[in-house]
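# Tertiary structure, described
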Protein chains: 2
Amino acid sequence: MKTAVLGTGMVGQAIATKLIQLGHEVKMGSRSGHNEKATAWISNNGPAASQGTFAEAASFGEIVFNCTKGEIALEVLKQAGNENLKGKILIDISNPLDFSKGMPPTLLIVNDNSLGEEIQKLLPDTHVVKTLNTLTANLMVNPQLVNNGDHDIFLSGNSTEAKEKVSALLQTFGWGADHLIDLGDISTARGTEQILPVWVRLYAAMGTPMFQFKIVK
Amino acid sequence: MKTAVLGTGMVGQAIATKLIQLGHEVKMGSRSGHNEKATAWISNNGPAASQGTFAEAASFGEIVFNCTKGEIALEVLKQAGNENLKGKILIDISNPLDFSKGMPPTLLIVNDNSLGEEIQKLLPDTHVVKTLNTLTANLMVNPQLVNNGDHDIFLSGNSTEAKEKVSALLQTFGWGADHLIDLGDISTARGTEQILPVWVRLYAAMGTPMFQFKIVK
């Protein structure tokens, strides 16, 4: 499948590399379209790996991952373009973290709104599915690295069909179907984005980002 | 031990009943001091159970539990009185939930502040320990009811000694020592109070409040 990854940071590289390993084509999107980190990534990932501007990547991908920093996500998606994303699934992994006042970060959008909802409002013809935003990049694509993969992630989105397609893709990443919790529509992203404040404190208390949440009954 | 429980709702009744079962004396505090729900609770819990105003309860308890609704917690604690709580441990279970705009609730205090911190500021001579605010009342005092007790709660507070005393008390409630995660000072209550937005959505998605978070490594 042709896929796009917007963002060249740790999350973007982790997702893009996994997609290549799974046999997909990946165009990594950046502001300039000839990003240094994307170039290095391409050189390690063979002919199915390419790069372009955010708009070129969005146009290329049948499924598009938003792996940008939350503070620039809306601006990036404007550059990517409503027309290029129309009718497609956008998997939103971004969190609206504000590091400008130091550590730990606060949230730029919080409580009665979420970045997931703002993205859906910006792209009304796109199926936004928020997921994978509650754990460290390495675990997103290697869930078995903690507790033998026995831990959970959440999905928020208005389209059941889109969430089903994303669930199927996540299962190819190594996620068990019973570890994907559908919380409901995109407004439930308020819940998962507000996990970040305890996540950063758990990271500090535990001294490692290699942990995860498991919901037990 | 002489203990006090401020609040007569589900959380207050669960905590107070557990304390009686463990052999403690409990004075349940309410605005009037002769609350109908407290009277009913006393009639079921024998001579170690009593009630009084918030100030009378705070004065009575060596350890005091704040089990009031978050929207009134600061007003209740003003009534309880700085002098009555001086030098004592206050276990804060309240969450600043705002139901005024319907379900699911938002938070009255959020992001760069927390109710736990506001309570600590109001009561500078009291050792505030925030805990038990991330799960349903029945599980607070019966952790074995889900996953054989294999799940976690968090502690936030400025005094290590106070957190150790609270941890010891929680272990008598049935919590394993390795399931009590010390997140750090009282500002880490920002993290646990912001778990509530995902908690209420998990409750809706799962159809039961009988679930819990487990942190896996």
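Residues numbered from 1 in each chain as written. Chains lettered and ligands numbered in written order. Predicted model: local features only at pLDDT ≥ 70, side-chain atom pairs only at ≥ 80, totals over all residues.

### Let's talk about the overall build of chain A
In terms of helices and strands, chain A carries 10 helices and 11 strands. Across its three principal directions, the C-alpha atoms of chain A cover 45 × 40 × 35 Å. Per-residue burial for chain A yields a buried fraction of 52% across its 217 residues. Long-range pairs, those at least 24 residues apart, make up 71% of the contacts in chain A between residues at least 6 apart in sequence. (Helix = DSSP H or I, 4+ residues; strand = E, 2+ residues; numbered from the N terminus. Buried ≥ 20, exposed ≤ 12 C-beta atoms within 10 Å, placed from the backbone. Contact = placed C-beta atoms within 7 Å.)

### So, the nonpolar core
Counting 128 residues, the largest nonpolar core has Leu6 and Ile15 of chain A together with Leu6 and Ile15 of chain B as the members making the most contacts within it. Not counting residues up to four positions away in its chain, the partners in contact with Leu6 of chain B are Gly29, Phe54, Ala57, Val64, Phe65, Asn66, Cys67, Thr68, Val76 and Ala80 of chain B. (Core = buried A, V, L, I, M, F, W, Y, C linked by C-beta atoms within 7 Å.)

### A word on the relation of the copies chain B and chain A
Least-squares fitting of chain B to chain A yields an RMSD of 0.0 Å, with the transformation described by 0.0 Å of translation along the axis and a rotation of 180°. In the structure described here, the two chain copies are related by an operation that fits a two-fold rotation axis. Of the C-alpha atoms belonging to chain B, the one lying closest to the rotation axis is found on Lys214 of chain B, 2.5 Å away. Same-surface contact between copies: 100% of interface residues of chain B are shared with the interface of chain A. (Least-squares fit on C-alpha atoms with pLDDT ≥ 70 in both.)

### Comments concerning the packing of helix α4 (residues 70-80) of chain A against helix α6 (residues 115-122) of chain A
Residue and element names in this part refer to chain A. Between α4 and α6, whose axes approach to 10 Å, the crossing angle comes to 10°. One finds that α4 runs roughly parallel with respect to α6. On α6, the residues that touch Gly70, Ala73, Leu74, Leu77 and Lys78 of α4 are Leu115, Glu118, Ile119 and Leu122. Here the contact of α4 with α6 is built from residues that sort into six nonpolar, one polar and two charged. (Axes fitted to C-alpha atoms, helices over the stretch in contact; angles between N-to-C directions. Parallel < 35°, antiparallel > 145°, perpendicular 65-115°, else oblique. Nonpolar A, V, L, I, M, F, W, Y, C, P; charged D, E, K, R; others polar.)

### Details of the confidence of the model for chain A
Close inspection of predicted coordinates is inappropriate in any region flagged by low pLDDT. Here chain A averages 98 in pLDDT, while 100% of its residues score no lower than 70. Interface predicted TM-score (ipTM) for the complex: 0.97; the corresponding pTM is 0.97. (pLDDT = per-residue confidence, 0-100.)

### Considering the sheet that holds strand β2 (residues 25-30) of chain A
All names here are of chain A. On the basis of which strands lie adjacent, the open sheet formed by eight strands has the order β3-β2-β1-β4-β5-β8-β9-β10 and mixed pairing. Every other strand in the sheet has two partners, leaving β3 (49-53) and β10 (180-184) as the edge strands with one partner each. The mean inter-strand angle of the sheet, taken between neighbouring strand axes irrespective of direction, is 25°. Where β2 and β3 come together, five bridges link them in parallel fashion. (Pairing = 2+ DSSP bridges.)

### What about the interface of chain B and chain A?
Across the contact, 33 residues belong to chain B and 33 residues belong to chain A. Of all the elements in the fold, those that place two or more residues in the side of chain B that touches chain A are β7 (106-107), β10 (180-184), α9 (189-193), α10 (196-206) and β11 (212-216) of chain B. Top contributing element to the side of chain B that touches chain A by residue count: α10 of chain B, with six residues. In the sheet, strand β11 (residues 212-216) of chain A pairs with β11 of chain B via five bridges, with the strands oriented antiparallel. In the strand pairing of β11 of chain B, Phe213 of chain A is matched with Ile215 of chain B.

### What about the pairing of strand β1 (residues 2-6) of chain B?
Residue and element names in this part refer to chain B. Of all the five residues making up β1, four are buried; the element is thus mostly covered by neighbouring parts of the structure. Looking at chain direction, β1 and strand β2 (residues 25-30) are connected through five bridges and run parallel. Pairing of Lys2 across the sheet is with Glu25, part of β2. Handedness of the crossover is the feature at issue here: the chain leaves β1, passes through helix α1 (residues 10-21), returns alongside β2, and the resulting connection is right-handed. The pairing of β1 with strand β4 (residues 63-66) spans four bridges and is parallel. Paired with Leu6 across the two strands is Asn66, which belongs to β4. (Right-handed = clockwise from strand over helix to strand, strands pointing away.)

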